[in-house]
Structure formats: C-alpha cells, structure tokens
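# Per-entry structural report
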Amino acid sequence: MAVEAQSKPMITRQSSWNTLRQVFAPIGQILVFIVGSAVILGLIVVLLGLVLSRVMEQPNMLNGVFLLLPIVIVDGLVLGFLYATIALGYTMVYGVLEFINFAHGEIFMVGAFVAGGLALFLASNGLLAAIPPLLFVLIAVLLGMAVSGTLAMSIERVAYRPLRNAPRLVPLISAIGVSLVLQDLVRLIAGPRRFYLAFPDLGLNQRYQLFQVARAGGGNLNVTIDSKSLILIVTALVMLIGLNYLVNATKLGKAIRAVAQDRPTASLMGINVNLIIALTFLIGGALGGAAGVLFGIRYSTINPYVGFLYGLKAFTAAVLGGIGNITGAMVGGIVLGFLEAFVAGYLSLFTRGHFGGADYASMAAFLILVGILIFRPSGLLGEAVAQKV
C-alpha cells in the first residue's frame, strides 16, 4: 500500500511533465524554424546581391540588400503568423476527416466582417472611443470565434455530413459550392456601400522600435513593429498553445484523436463520432474566425473575396508544414510568410525594377505548393497521410 501511495504522485508528476512538454515543445520547434528560415533566406539574398552587384556593376546593391533585410524579416514574420492562424483550421478538419474544407477561407472572411461590423456599430454609436483598444480586440476575437465556429459547425451538418460516405470528390465540390455561397451571401448583406469595409481608427497605431541598422552613408535605420502585428503574433502563439493543450491533455482531445485514427473503433468505444466531428468543425471555424478578426484589425480594409486567396495560401502553408499536424501548420505558415516577404522585398531590387516583387509573391507561394506535392507531399514535419483530396 505504501509503494502504491508513493507511485501515484510520481505518475502524476510524469503525466504533468509530459503534458507540459506536449503543449510547449512546439514553441521551440517554431522558434527553430523562424531562426533557420531567416538565416537561410538571408544568406541566399546576400549571396545573390554579391554576385549581381558585380555582374550588373551596381556596387550599391549589396548595401540595399543589408538595409532591406531586417525589414523583410519582420514583414515575413507577421505574414507567416497570419497564414499560420488560418492554416490551423484547415489542419484540424483534415486531421480528423482527411477532407480539405475549401470553405475555410470564407469562414475566415466572415470573422473579419464580424469584427468590422462590430467596430462600425460601436463607432456610429460613439462607444468605440470609450473602450480600451485591447478590450475591443478581445471582444471582437471572441465574437468572431463564436460566429465563425457556429457557421462552420452548421456547414458541416448541412453540406458535409450527408456526403461523408460519398466519393471524396463529392464533398470537395460541396465545399467549393459553400465557399461561393458564403462570398455572395456576405456581399449581399454588406451591400455596395460596405463591399470594401474599412475599419474605423481603433487606437492601435503605436510602433515599437526593435533595433537600429547603421546606413552606409551615415545615420541609422529604425526597424519597428506596430502594435497590431504584435497582437497578431501573440494571439497566434496563444492559439497554438491552447489548441495543443486541448488536443493532448483533455478528454475531448483524446476523443478527437481517436476519431481521427479510427472512426468505427472510436464509435465502438462509446465515442459519439458525429458530435466529435461537429466539435472539430466548431474549433476549426473558431480559429479561422479569430484569424479573420486579427487580419481585419491588422490590414483595416476587407471585402467578401478576401478569404479566397488567403485561404489558398493558408492551405499551401498547411501542406508545406504537413497537413494534419498542428505544429506543422504553424511552421508552414511562417516559412511561407518568409518566402513571400523575401520575394516581395528583393525581386524588384535584383531585377532593377523590371519586376515588382509584391506582384510575384503569390506566384512564389503556389510554385512552392507544386514543388512540395511533387517532392515531399508529407510536408516539412513529415505527417504521413494515406490519401489527399
């Protein structure tokens, strides 16, 4: 009895340690990929700058490369965390059903419109200025999560559940149809006056200096980050930790993993498979809604079609990281964000302005998707999957 009494606290401590490791270890992996991506891509552009400055006889090109580098890294980090937050919703649903919910981009867009509508409502009634900016962000994120999560769960019940045993192409077509319906529905509700919905001033215009870079001709370049980007990054990390805790340390998480592994056996063990799948859509939709709110606050202007391109890029990020893998979605988003930021920042410099870098950043993202599907379909973190839709 004494041995049993001593072993229980030990088992509890080991269980707590394993839970902490499962919840927080992905943060370390993400930091490794952030530093690794920045270093590798930074070395590539420096080498390119060195070669091209001699070939094109542009001695100042290398100085331009070094001046742009910290700004591009900060931009890539912010863009990467945005893609990562959207990709979490894709990977949640795919991890359970092996089904790509192409309507997730529109669920993300709905979250952005919920935040925009809330901000305009409060501003028109003179209440927005009385609310602390961070409190508004918290309210908007919770409201966006509630609306988008409920919407995703309703879509699953109406458009996906009846097709669960149909050939894989059928629910995929249904998802594309739902995506188009949501776009036009939001456009109808917003009307022509709110097609481009601009957020009012939320009082989040502060910029924080990270460090200074000395210019070759004298003076310093201040590298800064704005408060909206900081909120996006912190919220994305909180979402990752919360999702890891939910999946690895709760009964609901165990049920989700059981359904993802073997639905018939999970059903025989007493798990309500339909309920777990519905809750998975609720969680994935809520994550998409939160990402939409943060996007709207960060970029200030949205439209009913904004979810299409960002949704596709987030899907690319999920595939890049290893779709079905939560940490992989974050890693894929960050790597994709860095790649896009480097293309957008340096292509114009290296081609002497003949090609605008921002115009080709999306092309780079989809070329990466094609390359991954050809050479490493399991993604960076190697999540093995049996089939892809």
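The structure contained in this document is the topic of the report that follows. Computed from a prediction, not measured in an experiment: that's the story for all the values here.

### Describing the side chain of Asn244
- Looking at the element boundaries, Asn244 is found in helix H6 (residues 227-249).
- Assessed through its relative accessible area of 4%, Asn244 is described here as buried.
- Discounting residues that sit within four places of it in the chain, Asn244 has contacts with Gln22, Val23, Pro26, Ala249, Ile326 and Thr327.

### Description of the packing of helix H10 (residues 306-321) against helix H11 (residues 326-350)
- Across the interface, H10 lies against H11 with an axial gap of 7 Å and an inter-helix angle of 115°. As H10 packs across H11, the resulting crossing turns out to be right-handed. For the pair H10 and H11, contact is made by Lys313, Thr316, Ala317, Ala318, Leu320 and Gly321 and by Gly328, Ala329, Gly332, Gly333, Val335, Leu336 and Glu340, respectively.
- By residue class, the composition of the contact of H10 with H11 is six nonpolar, five polar and two charged.

### A closer look at the packing of aromatic side chains
- Per the stated rule, a full pass over the model turns up 13 aromatic pairs.
- Between Phe102 and Phe315, the aromatic rings sit 5.5 Å apart at their centres with planes inclined by 65°, giving edge-to-face as the arrangement. Here Phe102, found in the loop between helix H2 (61-97) and helix H3 (104-124), pairs with Phe315, found in helix H10; they are 213 residues apart in sequence, far enough to count as distant.
- Judged by relative accessible area, Phe102 falls into the partly exposed class, the value being 22%.

### Brief notes about the environment of Lys313
- Within the fold, Lys313 resides in helix H10.
- In the structure, Lys313 is positioned 229 residues away from Ala84 in sequence and 9.8 Å away in space, judged by C-alpha atoms.
- Setting aside residues up to four positions removed in sequence, Lys313 forms contacts with Tyr83, Leu336, Glu340, Ser362 and Phe366.

### Brief notes about H11
- In this model H11 runs 36 Å from its N-terminal to its C-terminal C-alpha over 25 residues, within 8% of the 36 Å that 1.5 Å per residue would give.
- By the largest-angle criterion, Ala344 marks the main kink of H11, which is about 25°.
- Counting buried residues along H11, 18 of its 25 residues qualify, which places the element largely inside the surrounding structure.

### So, the nonpolar core
- Phe136 and Tyr160 are the most contacted members of the largest nonpolar core, which totals 110 residues.
- The greatest single-element share of this core, amounting to 20 residues, is contributed by H2.
- Apart from the residues lying within four places of it in its own chain, the contact partners of Phe136 are Ala115, Leu118, Ala119, Leu122, Leu128, Ile131, Leu202 and Ile297.

### A look at unusual backbone geometry
- Not every positive phi belongs to a glycine, and Glu98 is a case in point at roughly 50°.
- Structurally, Glu98 can be placed in the loop between H2 and H3.
- A residue is classified by how much of its surface remains accessible, and Glu98, at 25% relative accessible area, is partly exposed.

### What to know about the environment of Leu163
- The topology assignment puts Leu163 in the loop between helix H4 (133-160) and helix H5 (169-190).
- Spatially, the C-alpha atom of Leu163 lies 37 Å from that of Arg298, the residues being 135 residues apart in sequence.
- Ignoring any residue separated from it by four or fewer positions in sequence, one finds Leu163 in contact with Val170, Pro171 and Ser174.

Rules and cut-offs
- Residues numbered from 1 in each chain as written.
- Predicted model: local features only at pLDDT ≥ 70, side-chain atom pairs only at ≥ 80, totals over all residues.
- Heavy atoms only, no water.
- Helix = DSSP H or I, 4+ residues; strand = E, 2+ residues; numbered from the N terminus.
- Buried < 20%, exposed > 50% of the residue type's maximum accessible area, 1.4 Å probe, protein only.
- Contact = heavy atoms within 4.5 Å.
- Axes fitted to C-alpha atoms, helices over the stretch in contact; angles between N-to-C directions.
- Left-handed = near helix turned anticlockwise from the far one by under 90°.
- Nonpolar A, V, L, I, M, F, W, Y, C, P; charged D, E, K, R; others polar.
- Phe/Tyr/Trp six-rings, centres within 6.5 Å; stacked < 30°, edge-to-face > 60°.
- Expected span 1.5 Å × (residues − 1).
- Bend = angle between axes of the 7 residues up to and from the residue.
- Core = buried A, V, L, I, M, F, W, Y, C linked by side-chain atoms within 4.5 Å.

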